[in-house]
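Listed here are the chains, written in short residue letters.
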Amino acid sequence: MKAIGEIEYEIKQCVGCGYCCLTAPCFESVVEYELDRLDQKCPGLVWSDEEAMFRCELMLKPGEEGKSFRNKLAAGAGCSSSLFNQYRDGMLVKKGGEVGEAQ
Ligand code: SF4
Ligand code: SF4
């Protein structure tokens, strides 16, 4: 549980449902893949059979480049779109977790 002043909130874990990236490509995606429309699917969003989740190709890059993307894209900071997100809820259920699960 975290708090801003007296308001408490929970950070929800990213479970790789892909919803945020399927909804709109991020700034890094637009720059790296030279997208000219925000309704284009991000080419960096890849499905991992092994992990049964979506992953970001930019954040998976090796070395300093990958580290820089992970920093810019706030890897590890939790889900950016956890409210009323049926994609995330569905992924949690598939993975044996519970809807509303916190990090
Ligand atoms: S670059 Fe990565 S974080 Fe950005 S939209 Fe594509 S998959 Fe998502
Ligand atoms: S919507 Fe949340 S859980 Fe789904 S990929 Fe984005 S950050 Fe992860």
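Just above sits the structure.
Calculation notes
- Numbers given to residues run from 1 along each chain, matching the order in which its sequence is written.
- Each chain takes a letter, starting from A, and each ligand takes a number, starting from 1, following the order in which they are written.
- The predicted origin of the model limits local features to residues at a pLDDT of at least 70 and limits the giving and counting of side-chain atom pairs to 80 or more, whereas totals for whole chains, interfaces and linings rest on all residues.
- Note on conventions: DSSP H or I runs of at least 4 residues are helices, E runs of at least 2 residues are strands, and numbering of each starts at the N terminus.
- Burial is judged by counting other C-beta atoms within 10 Å of a residue's own C-beta: 20 or more means buried, 12 or fewer means exposed, and anything between counts as partly exposed, with every C-beta placed from the backbone.
- Using a C-beta atom placed from the backbone, a residue is described as near a molecule or strand when that atom lies within 6 Å of it.
- Here the term charged refers only to Asp, Glu, Lys and Arg, the term nonpolar to Ala, Val, Leu, Ile, Met, Phe, Trp, Tyr, Cys and Pro, and the term polar to all other amino acids, Gly among them.
- Here, any two strands with at least 2 DSSP bridges between them count as paired.
- Any set of buried Ala, Val, Leu, Ile, Met, Phe, Trp, Tyr and Cys residues joined through C-beta atoms within 7 Å is what this text calls a nonpolar core.
- A residue pair is marked as a contact if its C-beta atoms, positioned from the backbone, fall within 7 Å.

1. Some points on the overall build of the protein
When helices and strands are counted, the protein shows four helices and four strands. Scanning the protein from its N terminus toward the C terminus, one meets helices and strands in the order β-β-α-α-β-β-α-α. By principal-axis analysis of the C-alpha atoms, the protein measures approximately 40 × 35 × 30 Å. The burial tally for the protein puts 18% of its 103 residues in the buried class.

2. Examining the site of ligand 1
Near ligand 1 you find C21, P25, C26, E28, S29, C42, G44, L45, C56, L58 and L73, and these make up its full shell. Class assignment of the residues belonging to the shell around ligand 1 gives a composition of eight nonpolar, two polar and one charged.

3. Re the pairing of strand β4 (residues 53-56)
The alternating pattern of β4 places F54 and C56 on a buried face, while none of M53 and R55, on the opposite face, is buried. With four bridges connecting them, strand β3 (residues 45-48) and β4 associate as antiparallel partners. Across the sheet, residue V46 finds its bridge partner in β4, namely R55. Connecting β3 to the next strand, β4, in antiparallel fashion are four residues, including A52 with a positive phi near 55°.

4. Some words on the nonpolar core
Listed in full, the nine residues of the largest apolar core are C14, V15, C17, Y19, C20, C21, C42, F54 and M91. The element that contributes the greatest number of residues to this core is helix α1 (residues 19-23), accounting for three residues. Those residues in contact with C42, other than ones at most four positions away along the chain, are C21, P25, S29 and Y33.

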